[in-house]
Amino acid sequence: MKAAATTTPKNAQNVENRTPGSSSLALNNKGIKRRLDVGQKGCDRSPSPSSTSDVIYVAMKRKPQPTQNDTPFRNVNDRQSSSSSDGREDVVPVLRPLKSNLGYPPDLIQGSDWDNLSIQIWSKFMSCKQTDEMFNKKMRLHGVLIQIMQKHYPMCGLYVVGSSMTMFGTNSSDMDMCLMLMANDIDQRVHAINILRDILRIIKSYDYFVKAELIRAKVPILEFRDSVSGVDIDLNVNNSVGIRNTHLLRAYSNLDWRVSPLVLIVKLWARIHDINDAKNMTISSYSLALMVIHYLQYGVTPPVLPSLQKLFPHKFLPGQDVRELSLYEKFQVPPSKNTYPLGHLLWGFFHYYANIFNFEEEAISVRRGSKVPKHYVKFNSSSKNIPGMWKCLCIEEPFDWTNTARAVYDEDVFARIKNVFLTSFTKLNKTTSLSSIMYS
């Protein structure tokens, strides 16, 4: 997400210039109130142990008259609401910290050679991770958008997905959203495109939404920016797998405090080395997160993480109704016996993919908690799976069993990616300094 100056809707009333952190209500040309918030964002903050993104949000939901078998989709999160005079539920951000160790970890420093690297990783994580302020901006924006969407699609559900909700996001991460219109899948190349065209016209009618563009892809998205908050939005239609994998990744991040810092640092590292962009045939952020989780499941002994889909198969079903999912569900998993320092685990991640994992013959399966032969996943019994998508980097999507890294198909590009892994491992192994690998 690129920083954007806060702009004022054309018909705003009593709006003044604001200092960072201040706010004011404005009225746009459609009569929907917006709160203008201006805040600092980026990766130059001082670490704050109390700064977490453990806030849940509620849907601003019109009260339709559904039949017994026709109820609107809800959001993945728990919700708290109060009825307003127009029959619509108000958006109420609910601050409820998870019982996850996101303060200063008591075992960050262990009196080992890895302590300096562990401190560097944690400090970088705390300075770059999504703040409560940014999270709350996104939740307020979600409330505005669902109010707009339900004027046109009264029975819809609007879900915030991806790194904004998994605790793997930075303060500059876009807000990925999924608009659910029906329980069944739709043709993404035809029906989703047509729906997004209609939404594009709707979005363009609001002064504070700018830079709206329809992006044609395997899963088409509508990109636009909210000029009030500066948040960039990527909206898809009925791509329910994104809701399910957000639920899964959030569950993994809650199991061990070391998961979120490792994923975020790997994402920042990949971005610096220009290997974190599926549009350029490199690795998506989702695939990088799965690579970290796989390493923590299988590449280190004892494992840091189990396979949640093995332990709780009924909680992570591919066809499960997304209305039944909750980001705050507690999974009773025994604590890991792995006590490796954060720095040791980051070193092990690069060692595993630079020297151990066989990309030519093996594929990553977080669902199974192991690596599997590449020829095995090529013929997964999934309607969306195509053998031809399993080429260079093979990472099984935990729900639809396709290759999340199918964008990495060019041999020359993949050779460069592997070289970045090897070079970074060599530098980290020599220096045990995070700065040695955080420049291109």
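You'll find the structure just up there.
Structural notes, computed from the coordinates. Note that this is a predicted model, so its numbers are computed, not measured.

Calculation rules
Residues numbered from 1 in each chain as written. Predicted model: local features only at pLDDT ≥ 70, side-chain atom pairs only at ≥ 80, totals over all residues. Heavy atoms only, no water. Pairing = 2+ DSSP bridges. Helix = DSSP H or I, 4+ residues; strand = E, 2+ residues; numbered from the N terminus. Contact = heavy atoms within 4.5 Å. Axes fitted to C-alpha atoms, helices over the stretch in contact; angles between N-to-C directions. Core = buried A, V, L, I, M, F, W, Y, C linked by side-chain atoms within 4.5 Å. Buried < 20%, exposed > 50% of the residue type's maximum accessible area, 1.4 Å probe, protein only. Parallel < 35°, antiparallel > 145°, perpendicular 65-115°, else oblique. Left-handed = near helix turned anticlockwise from the far one by under 90°. Nonpolar A, V, L, I, M, F, W, Y, C, P; charged D, E, K, R; others polar. Expected span 1.5 Å × (residues − 1). Phe/Tyr/Trp six-rings, centres within 6.5 Å; stacked < 30°, edge-to-face > 60°. Lys NZ or Arg CZ within 6 Å of the ring centre and 35° of its normal.

1. Brief notes about the sheet that holds strand 10 (residues 362–365)
Inference 1: As summarised here, the arrangement of the three strands in space is 11-10-12, forming an open sheet in which the pairing is mixed. The two strands at the open ends of the sheet, each matched to only one other strand, are strand 11 (370–373) and strand 12 (395–396).
Inference 2: Strand contacts of helix 7 (residues 285–299): strand 10, strand 11 and strand 12, with the helix running at about 90° to strand 10, the strand carrying the most contacts.

2. A look at the sheet that holds strand 6 (residues 175–180)
Inference 1: Strand order across the open sheet formed by five strands is 5-6-9-8-7, with mixed pairing between neighbours. In this open sheet, the two edge strands, each paired with only one partner strand, are strand 5 (157–161) and strand 7 (209–215). Taking the axes of each pair of neighbouring strands and ignoring which way they run, one obtains an average angle of 25° across the sheet.
Inference 2: Packed onto the sheet, helix 4 (residues 191–204) meets strand 6, strand 7, strand 8 (221–226) and strand 9 (231–237) and runs at close to 165° relative to strand 7.
Inference 3: Against the sheet, helix 5 (residues 241–255) touches strand 5 and strand 6, its axis set at about 45° to strand 5.

3. What to know about the nonpolar core
Side chains of nonpolar character tend, in soluble globular proteins, to be buried together.
Inference 1: In this structure, Trp 269, Met 291, Tyr 353 and Phe 421 are the most contacted members of the largest nonpolar core, which totals 69 residues.
Inference 2: For this core, the elements supplying multiple residues, two or more each, are helix 1 (115–128), helix 5, helix 6 (259–272), helix 7, helix 9 (342–356) and helix 11 (411–431).
Inference 3: Examining the composition of this core, we find that nine residues originate from one element, helix 6, more than from any other.
Inference 4: Residue contacts for Trp 269: discarding those within four places in its chain leaves Ile 275, Phe 350, Val 420, Phe 421, Ser 424, Ile 437 and Met 438.
Inference 5: Among the nonpolar cores identified, the runner-up in size contains 39 residues, and Leu 141, Val 144, Met 177 and Tyr 206 belong to it.

4. Some remarks on the packing of helix 6 against helix 7
Inference 1: For the pair helix 6 and helix 7, the least separation of the axes is 9 Å and the interaxial angle reads 135°. Accordingly, the angle class assigned to the pair helix 6 and helix 7 is oblique. Between helix 6 and helix 7 lies a crossing of right-handed hand. Listed contacts from helix 7 to Val 259, Leu 262, Val 263, Val 266, Lys 267 and Ala 270 of helix 6 are Ser 285, Leu 288, Ala 289, Val 292 and Leu 296.
Inference 2: Here the residues of the contact of helix 6 with helix 7 are counted per class, giving nine nonpolar, one polar and one charged.

5. Digging into helix 7
Inference 1: End to end, helix 7 covers 20 Å across 15 residues, agreeing with the expected 21 Å (1.5 Å per residue, within 8%).
Inference 2: Of all 15 residues in helix 7, 11 are buried; the element is thus mostly enclosed.

6. Here's the deal with the packing of aromatic side chains
Inference 1: Within the structure shown, the criterion is met by 25 aromatic pairs.
Inference 2: Between the aromatic rings of Tyr 295 and Phe 349, the centroid separation amounts to 6.1 Å while the plane-to-plane angle is 80°, which identifies the pairing as edge-to-face. Here Tyr 295, found in helix 7, pairs with Phe 349, found in helix 9; they are 54 residues apart in sequence, far enough to count as distant.
Inference 3: Classification of Tyr 295 as buried rests on a relative accessible area of 2%.
Inference 4: Aromatic ring contacts, followed pair by pair, group Trp 269, Tyr 295, Phe 349, Phe 350, Tyr 352, Tyr 353, Phe 357, Phe 359, Phe 414 and Phe 421 into a single cluster.
Inference 5: We note Arg 367 situated over the ring of Trp 401; from NZ or CZ to the ring centre the distance is 4.1 Å.

7. Quick notes on the environment of Gly 319
Inference 1: By the secondary structure assignment, Gly 319 is in the loop between helix 8 (308–311) and helix 9.
Inference 2: Judged by its relative accessible area of 69%, Gly 319 falls in the exposed class.
Inference 3: A sequence separation of 80 residues divides Gly 319 from Phe 399, and the C-alpha atoms of the two residues are 8.4 Å apart.

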